[in-house]
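Listed here are the chains, written in short residue letters.
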Amino acid sequence: INIRMFCPIGAGGGFDRVVLSGSGDTFIRVWDQGSWQQTYSLDSMVDAVQDLLVHGHLLIAAGLSVIKVWDLRTLGLITHMDGAAPICIHGKQLFSGCYDVPDMIKAWDMDSWKCVGTLLGHRGKINSICSFGTELMTSSQDGSCRVWKAV
């Protein structure tokens, strides 16, 4: 297994002692933290899993061209959007990269899962997005870092 990232969670509803992993084979695997045995897998990503986030009962996974959202209570797919890793939650919005415009950051409303805005300012692919207080920080392959006032 070519694991790209681990995400330990304590989401309740049977997910108090699990770790999630995403990999290059498009699978997201659920591992029992006590036995380290795989208990479940989700294989509906279109490309390699690049980023994972857990927010309450939501599992959000980003690949190179799609973001998918699952309900951890049921492991049912809630929605998918045209976006890309990296991903970050700030307030009630999910921020993501954009596969077709690599220097763009998209803002998604987490109630409707619609794109509600974009941030432009980098001149290269977005490497990371981080939320800190009222600000959003981003870095890019152009060598720059930016700080955005998030509303």
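None of these values were measured; they are calculated from a predicted model.

Draft legend 1. The overall build of the protein chain, seen in detail. Helices and strands together make up the secondary structure of the protein chain, namely 0 helices and 15 strands. Burial statistics for the protein chain: of 151 residues in total, 46% are counted as buried. Within the protein chain, contacts between residues separated by at least 24 positions form 28% of all contacts whose residues are at least 6 apart in sequence. Accessible surface, the protein chain: about 7600 Å² in total, of which carbon and sulfur atoms supply 52%.

Draft legend 2. How the structure looks around the pairing of strand β7 (residues 67–71). Taken across its 5 residues, β7 has 5 buried, putting it largely inside the fold. The two faces of β7 match: I67, V69 and D71 on one face and K68 and W70 on the other face are all buried. Direction of pairing for strand β6 (residues 58–62) relative to β7: antiparallel, over a ladder of 5 bridges. Looking at the pairing, I60 lines up with V69 of β7. The hairpin formed by β6 and β7 contains 4 residues between the paired strands. Between β7 and strand β8 (residues 76–81), which pair antiparallel in sequence order, lie 4 residues; one of them, L75, sits at a positive phi of approximately 60°.

Draft legend 3. The sheet that holds β8, seen in detail. Strand order across the open sheet formed by 4 strands is β5-β6-β7-β8, with antiparallel pairing between neighbours. This sheet does not close on itself; its edge strands, each paired only once, are β5 (51–55) and β8. Adjacent strand axes in the sheet meet at a mean angle of 20° when their direction is disregarded. Bridge analysis of β5 against β6 gives 5 bridges, and the strand direction is antiparallel. Bridge pairing in β6 places L53 opposite I60.

Draft legend 4. Structural detail: the side chain of T26. Tracing the chain through its elements places T26 in the loop between β2 (18–23) and β3 (28–32). For T26, a relative accessible area of 17% puts it in the buried group. Not counting residues up to four positions away in its chain, the partners in contact with T26 are L42, D43, M45, V46, D47, A48 and V49.

Draft legend 5. Focus on the nonpolar core. In this structure, I28, M45, L52, L59, A61 and W70 are the most contacted members of the largest nonpolar core, which totals 14 residues. Secondary structure elements with two or more residues in this core: β2, β3 and β6. Residue contacts for L59: discarding those within four places in its chain leaves L20, I28, L42, L52, L53, V54, K68, V69, W70 and L72. With 13 residues, the next largest nonpolar core counts V69, M81, I87 and L94 among its residues.

Draft legend 6. Here's a closer look at the side chain of S140. Here S140 is to be found in strand β14 (residues 135–140). Its relative accessible area of 6% is what places S140 among the buried residues. Those residues in contact with S140 that lie beyond four places of it in its chain are H122, R123, G124, K125, I126 and N127.

Draft legend 7. Just the environment of D71, in detail. Mapped onto the secondary structure, D71 falls in strand β7. Relative accessible area serves as the criterion here: at 10%, D71 is assigned to the buried category. Ignoring sequence-local partners within four residues, the contact set of D71 consists of H57, G76 and I78.

Cut-offs and rules
Residues numbered from 1 in each chain as written. Predicted model: local features only at pLDDT ≥ 70, side-chain atom pairs only at ≥ 80, totals over all residues. Heavy atoms only, no water. Helix = DSSP H or I, 4+ residues; strand = E, 2+ residues; numbered from the N terminus. Buried < 20%, exposed > 50% of the residue type's maximum accessible area, 1.4 Å probe, protein only. Contact = heavy atoms within 4.5 Å. Areas by Shrake-Rupley, 256 points an atom, 1.4 Å probe, with all protein chains shown as cover. Pairing = 2+ DSSP bridges. Axes fitted to C-alpha atoms, helices over the stretch in contact; angles between N-to-C directions. Core = buried A, V, L, I, M, F, W, Y, C linked by side-chain atoms within 4.5 Å.

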